[in-house]
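# Analysis of the macromolecular model
Take a look at the letters that make up each chain.
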Amino acid sequence: MGVEVSVEGLTKSFGSQRIWQDVTLTLPAGEVSALLGPSGTGKSVFLKSLIGLLRPEQGSIVIDGTNILECSSKELYEIRKLFGVLFQDGALFGSMNLFDNVAFPLREHTKKSESEIRKIVMEKMELVGLLGAEDKLPGEISGGMRKRAGLARALVLDPQIILVDEPDSGLDPVRTTYISQTLIDINAEIDATILIVSHNINLARTVPDNIGMLFRRHLVMFGPREVLLTSEEPVVKQFLNGTMIGPIGMSEEKDEAQMAQEQAMVDAGHHAGGVDDVEGIVPQMKATPGMPFRQAVARRQERVRHIMHTLPENAQIAIQESLGADGVGDEWSPGDADTDRMYFEAAGFDTGVAK
Ligand SMILES: Nc1ncnc2c1ncn2[C@@H]1O[C@H](COP(=O)(O)OP(=O)(O)OP(=O)(O)O)[C@@H](O)[C@H]1O
């Protein structure tokens, strides 16, 4: 199973520019989390800080018992081996075909034979739906395929933590859904801890188990998906509905006067853009049928049950609704409920269902 990443009091500046401060959150082991936020709020900077590519000036990042802000470079090297990272453009080598791109980390960091390497590469290519494209050069394939190849490469060293920077950038909504499905399937298959950085609303609503949001140099919130998706916080509501009305502006955050002016225009009939308010919570994506059971689902439910009383009332109601009358969630097919319940109980969880 993936490892927990625990961030406390993290602050990062470049010179006199403060990017964010006092960020505290825990990425639960083996669950899928997403960090949202308008452009320029420092999501990529956060992601790079987690792998030690950037160095925040205050706080701690504890991974597998090691605070990577205080450890030696040898320890950091070891910790980095736990990570697989998918950068925005896939970061593929343009002169290598997809097979060699995906094989690269194995040839660099392991002593595996070419036949072992072939086996692993083909397995990962299949997982991301790229079997048959091994001989193609990155320049010959679409942006979506490049992302998939980057994902395959991020997976070859069996990472316990996968960081994904804007999986949707440059992709149409359909391809974004496909890559979202792939991320959920990967979580089902290898049970890694996943952090997705994105500003895609659909992805935020349907993929992660936990969601956080950065705004105005702070982490506005971080917790189970139901907390953010039912939030009444103006910045969260504006973000989730993509409208112009609210604290997020075109380039910088707005002041009160500008907000009042825009509200007046909307009151006078001007369209604020975005989609209509989405009521309730859209069900979370499931792993593709035939994939292993996504163990994060059971673990998260158990965890959420313990912190339920600390969550806002709207989130509690949404969680209870998603659990359904039979005490197991709606994230898998109703026909599977008995099997799932048996699985939970075998794993030592209390399903809350009388036998
Ligand atoms: N190496 C760097 N040196 C100086 N400033 C930087 C560096 N990297 C990022 N920044 C600044 O940090 C801020 C946050 O950038 P970042 O790319 O993390 O935002 P983001 O939330 O990921 O945005 P987007 O959603 O548009 O990708 C920006 O103002 C950027 O200019």
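A brief structural summary. These numbers were taken from a predicted model, which means no experiment stands behind them.

With phi around 50°, Asp64 is a residue other than glycine that occupies positive phi space. Along the chain, Asp64 falls in the loop between strand 4 (58-63) and strand 5 (66-67). Note on Asp64: relative accessible area 51%, which makes it exposed. The backbone phi angle of Asp191 is positive, close to 55°, even though this residue is not glycine.

Backbone hydrogen bonds are what pair the strands of a sheet, in a parallel or an antiparallel way. With antiparallel pairing, 4 strands are arranged side by side in an open sheet as 2-1-4-5. Looking at strand neighbours, the two that pair on one side only are strand 2 (17-27) and strand 5, the edges of this open sheet. Bridge count between strand 4 and strand 5: 2 bridges; the pairing is antiparallel. Considered in strand 5, the bridge of Val62 is made with Asn67. Contacting strand 1 (5-14), strand 2 and strand 4, helix 1 (residues 43-50) runs over the sheet at an angle of about 60° to strand 2.

What follows concerns the nonpolar core. Counting residues in each nonpolar core, the largest one holds 33 residues, and the members touching the most others are Leu98, Val121 and Ile196. Looking at this core, the elements with two or more residues in it are helix 3 (98-109), helix 4 (114-127), helix 5 (143-155), strand 7 (161-165), helix 6 (173-190) and strand 8 (193-197). What Val121 contacts, discounting residues up to four positions off in sequence, is Phe99, Val102, Ala103 and Leu106. Counting residues in hydrophobic clusters, the runner-up holds 31 residues, among them Leu10, Leu27, Ile63 and Ile68.

Parameters and conventions
- Residues numbered from 1 in each chain as written.
- Predicted model: local features only at pLDDT ≥ 70, side-chain atom pairs only at ≥ 80, totals over all residues.
- Heavy atoms only, no water.
- Helix = DSSP H or I, 4+ residues; strand = E, 2+ residues; numbered from the N terminus.
- Buried < 20%, exposed > 50% of the residue type's maximum accessible area, 1.4 Å probe, protein only.
- Pairing = 2+ DSSP bridges.
- Contact = heavy atoms within 4.5 Å.
- Axes fitted to C-alpha atoms, helices over the stretch in contact; angles between N-to-C directions.
- Core = buried A, V, L, I, M, F, W, Y, C linked by side-chain atoms within 4.5 Å.

Spatial relationships are all this shows, so hold off on functional conclusions.
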